[in-house]
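Results of the structural survey
Okay, here's what each chain looks like letter by letter:
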Amino acid sequence: EPEVTQTPSHQVTQMGQEVILRCVPISNHLYFYWYRQILGQKVEFLVSFYNNEISEKSEIFDDQFSVERPDGSNFTLKIRSTKLEDSAMYFCASRPGQGGSPLHFGNGTRLTVT
Amino acid sequence: AQSVTQLGSHVSVSEGALVLLRCNYSSSVPPYLFWYVQYPNQGLQLLLKYTSAATLVKGINGFEAEFKKSETSFHLTKPSAHMSDAAEYFCAVRPPNTGNQFYFGTGTSLTVIP
């Protein structure tokens, strides 16, 4: 069964550094998402992406965050200047787009900001 | 705004006992409803979904959920708990025709006691 793949599985970075989290959504899916989960807490929506542009974003997704689909297969989340509070699991998800199609999640990238 | 309430952040059941995890949503129009399971250090895996067909939905691993419009509920059940069911469970909703965002509950941690 096709899967959403995320790399790296774990990223350690210093405060103020830029990080890029990478995702390869399922190939025939049309909608792409990033969520984050701070350790032991709820799953928080960051952004959704459709037709090569952001369709919705949350308050968390401020100017420090950006997303890109550079080549038709990868979907990246960039954090320009990381803060300690950005430490979390970041999940990429995609869905085909028909009606009530569910999200398919990757296994996540654990980001640790020191 | 949409909200999803999962009553009980922690639920413990004995092996072989009934599992009942509660989910209520707020929406004037029945949304699409989903249950996801998250095992430690993994992504979210779809258990089942409701998309306006049968109100009793069967999912993987013996789980099922019943959509009750009058109660705005979508509780998850399993007749007999297994040790392998110990995980975090998330209820999620996506309102129809109002964007692409999925709203997640705060999760319920299920412990199965041998």
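Basis of the calculations
- Residues numbered from 1 in each chain as written.
- Chains lettered and ligands numbered in written order.
- Predicted model: local features only at pLDDT ≥ 70, side-chain atom pairs only at ≥ 80, totals over all residues.
- Heavy atoms only, no water.
- Helix = DSSP H or I, 4+ residues; strand = E, 2+ residues; numbered from the N terminus.
- Rg over C-alpha atoms; globule rule 2.2 N^0.38 Å.
- pLDDT = per-residue confidence, 0-100.
- Salt bridge = Lys/Arg side-chain N within 4 Å of Asp/Glu carboxyl O.
- Buried < 20%, exposed > 50% of the residue type's maximum accessible area, 1.4 Å probe, protein only.
- Contact = heavy atoms within 4.5 Å.
- Buried area = accessible area lost by both parts, 1.4 Å probe.
- Polar contact = N/O pair within 3.5 Å; in protein donor to acceptor, adjacent residues only side chain to side chain.

1. Observations regarding the overall build of chain A
- Assigned secondary structure in chain A consists of 0 helices and 11 strands.
- Along its sequence from the N terminus, chain A presents helices and strands in the succession β-β-β-β-β-β-β-β-β-β-β.
- A compact globule built from 114 residues would reach a C-alpha radius of gyration of about 13 Å, and chain A, at 13 Å, matches this within 12%.
- With the principal axes as the frame, chain A shows a C-alpha extent of 40 × 25 × 25 Å.

2. Side note on the confidence of the model for chain B
- Confidence in the prediction for chain B averages 92 pLDDT; 98% of positions are at 70 or higher.
- When mean pLDDT is compared element by element in chain B, strand β3 (residues 19–21) of chain B scores highest at 98, while strand β1 (residues 3–5) of chain B scores lowest at 89.

3. Regarding the pattern of salt bridges
- Evaluation of the coordinates by the stated rule reveals 3 salt bridges over all chains.
- The partner of A:R36 in a salt bridge is A:E44, with the nearest N and O atoms 3.0 Å apart.
- A:R36 sits in the buried class, given a relative accessible area of 10%.
- Take A:E44: its relative accessible area is 22%, and that puts it in the partly exposed class.
- The closest approach of N and O atoms between B:K58 and B:E64, which form a salt bridge, is 2.8 Å.

4. Considering the interface of chain B and chain A
- Each partner contributes residues to the interface: chain B has 20 residues there, and chain A has 21 residues.
- Taken over both partners, the interface formed by chain B and chain A buries close to 1,700 Å², and the fraction arising from carbon and sulfur atoms is 55%.
- Here chain B and chain A share 0 salt bridges between them.
- For the pair chain B and chain A, the number of links is 9 residue pairs in polar contact (both at pLDDT 80 or more).
- Looking at the side of chain B that touches chain A, the elements that each hand over two or more residues are β5 (32–38), β6 (44–50) and β10 (87–94) of chain B.
- In terms of residue count, the dominant contributor to the side of chain B that touches chain A is β5(B) (4 residues).

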